[in-house]
Amino acid sequence: MTTTVIDPADQRAPALGRLGWALADGWTIAVRDLQHWRRQPGQLAVGLLFPVLMVVMFGYVLGGGMAIPGGGDYLDFLMPGMFALTMVFGLEATMTAVTTDASRGVTDRFRSLPMARSGVVLGRAVADMLGSVLGLAVMLLCGLAVGWRAHGTLAEALAAVALLLWLRFAFLWLGIFIGLATRDPGVIMAVQILVWPFAFLSNAFVPTSTMPGWLGAVAEVNPMAATVAATRDLFGNPGAQADGWLAEHALLVAVVSPAVMTLVFAALAVRRWQRLER
Amino acid sequence: MAAPPTPPRAAPVGPTARDQTARDQTAGGGAEAAVLVRGLRKTFGGRTVLDGVDLAAPPGTVLALLGPNGAGKTTTVRIVSTLLRPDGGEVRVAGHDVVREPDAVRRRIGLVGQHAAVDEVLGARQNLVMFGRLHHLGKAEARRRADAMLERFGLTEAADRPVQTFSGGMRRRLDLAAGLLVSPDVLLLDEPTTGLDPQGRLDVWAAVRGLAGQGVTVVLTTQHLEEADRLADQVCVLDGGRVVASGTPDELKAAIGGDRIDVVVAEDRRGEAARVVAAATGTPVQQPEDRPGLVTAPVADRMAALTAVVRALDDAGLAVVDVGLRRPTLDEAYLRITGRPAEAAQQTEVAA
């Protein structure tokens, strides 16, 4: 005969399933980030407006000297690149948040609570994706304000937005992994700096066909490049046409390469998380 | 904080009927300690950090883990609080195995680590409500408890200020409040007074004593002998991943053997006095650097030694400022047990 022992401590809250608690705990953690925004509106504003400043710098300061092969307006060309860049910049927010929690002992506090293990990561994901949705919304408005337009259908435009957020999702896992792997502020700063050459070495600011052949080839395999090319195509913006297999299959690559990144870095992040116990 | 905090122990989150039974059994000399560690082993990349540690804290007592940095204190606390997996041995908290039933353990512990593990941007109340929600308290209950803890730890007025504006003492109080939110059976404190000013230290001590008085089992780590002496029912001295001594503070002091005689002379004649005292007691004397003019030595027969020392000093023509017999301090016990003074151990860690 088996007896089920009911643990009285389990009854402190209405019973939710495993998944239910993971969602509930994830939301509690995500709400914390929303509270951060309310407490630090200045910081939030700077984060949202920095890419806008970049648009001004590249679109107006440097844009006059830019010519798109095959013609077209530079701002129309630039905006999809800036959207993708805004997504990649999200890496910094994720990385910093994860490292801060780990170094202050907040991660340990979470791990000592009877909460769902996946809640911590789920909350991080929800908060950062919400932040990036907000950031992308600001950039779309900024684009419309400077005269950028989506020339395709609404469905194509929504697909472009989905591709951009999909890229952000991949960088979320990279950020969680780096954040867990190092507590060294120096490494975090190095990554923040390296984001720049990474972004420039793509088709975001200039068409890769204007670069020396070998450099253009490097820029083409940048995970960001396929998203930018596919987004340009979907928005009907100039500069999408390019040659080479990667460029011709930009949409496919823009779907697959963030998926691969997500799988790799989510697996690495989970391993790092488990290694906290060792 | 004004008064020792009393954690809310209201049903249904207070000690459960089952836990109460466990306590009664223990009181009756039977079953299990609130924290039971047997043969605990842990290695980090081939380096042995814990090499067979045994500990037992009966319910409602304070157990202090005393030792220099690297002795394995923090590792022990991290294993007991389910943050680290042991490589060998058994650890049970309130009757639950930390490896097999980590969630049951997590529901019964409060952990206060070396850093104030709270969100710096949020206010104190927001922090406590968040931790309460993660303990799976309902929304209203989480708020009620947060307010109760803020009140107990004297943080009500600062409740909505961002934590980054808090002083070190306030942060530590908030940290304690977070650890006590759901009235844990076992409270784990890793160096709870490190970095606090004297008043903050006294506040934490009062809080710990108050909690133990209410039946909470406290396990704390410390490098401060005074802290262990003041708070602990039981002290375990860890060194190199092993328990090298354990007992009540009085037992540890007694373990280094009997009483000591202290003689204070003018500082410029201390060396001379040391030779005279050594000759009179026949035991090795010490001349602590931070105590000018003091010569101290262990003695076997109190009164005979006192008479002999006073006579010898008088014969030598040394003017005595003070002379007295006393029990040894925990510092001296520590020196005897670990083979090096507590001060030196602390300095090693600063250099490291």
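Novice: Kindly report on the sheet that holds strand β11 (residues 260-265) of chain B, identifying the contributing residues and their values.
Specialist: All names here are of chain B. Read from one edge to the other, the open sheet built from three strands follows the order β12-β11-β13, with strand pairing classed as antiparallel. If you trace the sheet from one side to the other, it starts and ends with β12 (294-298) and β13 (320-326), each paired once. Strand-to-strand twist of the sheet, defined as the mean angle between neighbouring strand axes without regard to direction, takes the value 15°. The pairing of β11 with β13 spans six bridges and is classified as antiparallel. Across the sheet, V265 pairs through a bridge with V320, a residue of β13. Here helix α10 (residues 270-281) sits on the sheet and contacts β11 and β12; the angle it forms with β12, its principal contact strand, is near 15°. Each of β11 and β13 touches helix α11 (residues 302-315); the most contacted strand, β11, lies at about 20° to it.

Novice: Account for the nonpolar core, with residues named and values stated.
Specialist: Core analysis: the biggest nonpolar cluster contains 154 residues, and B:V35 and B:V219 have the highest contact counts within it. Residue contributions to this core peak at 17 residues, all from helix α3 (residues 74-104) of chain A. Counting residues in hydrophobic clusters, the runner-up holds 16 residues, among them B:V263, B:A274, B:V285 and B:L313.

Novice: Just give me the short version of the sheet that holds strand β3 (residues 62-66) of chain B, but keep the residues and values in it.
Specialist: Sheet strands pair via backbone hydrogen bonds, and the direction of the pair is either parallel or antiparallel. Residues and elements named next belong to chain B. Judged by pairing direction, the sheet is mixed, and its six strands sit side by side in the order β6-β7-β8-β3-β9-β10 without closing on themselves. Of all strands in the sheet, those with a lone pairing partner are β6 (109-112) and β10 (242-247), marking the two edges. With strand direction ignored, the average angle separating the axes of adjacent strands in the sheet is 15°. The pairing of strand β9 (residues 234-239) with β10 spans five bridges and is antiparallel. By the bridge assignment, L238 is partnered in β10 with V243.

Novice: Break down the packing of helix α2 (residues 41-62) of chain A against α3(A) for me, citing the residues and quoting the values.
Specialist: All names here are of chain A. Two elements in contact, α2 and α3, have axes separated by 10 Å at closest approach and are oriented at 145°. Every pair of crossing elements has a handedness; the one defined by α2 and α3 is right-handed. Along the contact surface, α2 presents P51, M54, V55, F58 and G59, while α3 presents Y74, L75, L78, M82, L85, T86 and F89. When its residues are assigned to classes, the contact of α2 with α3 shows 10 nonpolar, two polar and no charged.

Novice: A description of the environment of A:L19 should follow, citing residues and the corresponding values.
Specialist: All names here are of chain A. Structurally, the position occupied by L19 is in helix α1 (residues 18-39). What makes L19 exposed here is the crowd of 10 C-beta atoms within 10 Å. Between the alpha carbons of L19 and S118 there is a distance of 9.3 Å; along the sequence they are 99 residues apart.

Novice: Describe helix α9 (residues 223-235) of chain A, and please don't skip the residues or the numbers.
Specialist: Along an α-helix, a turn takes 3.6 residues, which lines up residues three or four apart on a common side. Helix length check: α9(A) (13 residues) gives 19 Å between terminal C-alpha atoms against 18 Å at 1.5 Å per residue, within 8%. Just beyond α9(A), the residue with positive phi is A:G236, at close to 70°.

Novice: Please give an account of the interface of chain B and chain A that cites residues and values.
Specialist: Taken together, the contacts link 32 residues of chain B with 26 residues of chain A. Secondary structure elements with two or more residues in the side of chain B that touches chain A: α1 (17-27), α3 (102-106), β6 and α4 (124-134) of chain B. Residue contributions to the side of chain B that touches chain A peak at five residues, all from α4(B). Considered class by class, the residues forming the side of chain B that touches chain A number 16 nonpolar, nine polar and seven charged.

Novice: I'd love a proper account of helix α5 (residues 117-145) of chain A, names of residues and values included.
Specialist: Taking 1.5 Å per residue as the helical rise, α5(A) with its 29 residues ought to reach 42 Å, and the 43 Å between its terminal C-alpha atoms agrees with that figure. Following α5(A) by one or two positions, A:G147 adopts a phi angle in the positive range, close to 100°.

Novice: Please give an account of the domain arrangement of chain B that cites residues and values.
Specialist: Segmenting chain B into domains produces domain 1 (17-253) and domain 2 (259-326). Distance between the C-alpha centres of domain 1 of chain B and domain 2 of chain B: 43 Å.

Conventions adopted
Residues numbered from 1 in each chain as written. Chains lettered and ligands numbered in written order. Predicted model: local features only at pLDDT ≥ 70, side-chain atom pairs only at ≥ 80, totals over all residues. Pairing = 2+ DSSP bridges. Helix = DSSP H or I, 4+ residues; strand = E, 2+ residues; numbered from the N terminus. Axes fitted to C-alpha atoms, helices over the stretch in contact; angles between N-to-C directions. Contact = placed C-beta atoms within 7 Å. Core = buried A, V, L, I, M, F, W, Y, C linked by C-beta atoms within 7 Å. Buried ≥ 20, exposed ≤ 12 C-beta atoms within 10 Å, placed from the backbone. Left-handed = near helix turned anticlockwise from the far one by under 90°. Nonpolar A, V, L, I, M, F, W, Y, C, P; charged D, E, K, R; others polar. Expected span 1.5 Å × (residues − 1). Domains from an automatic or database assignment.

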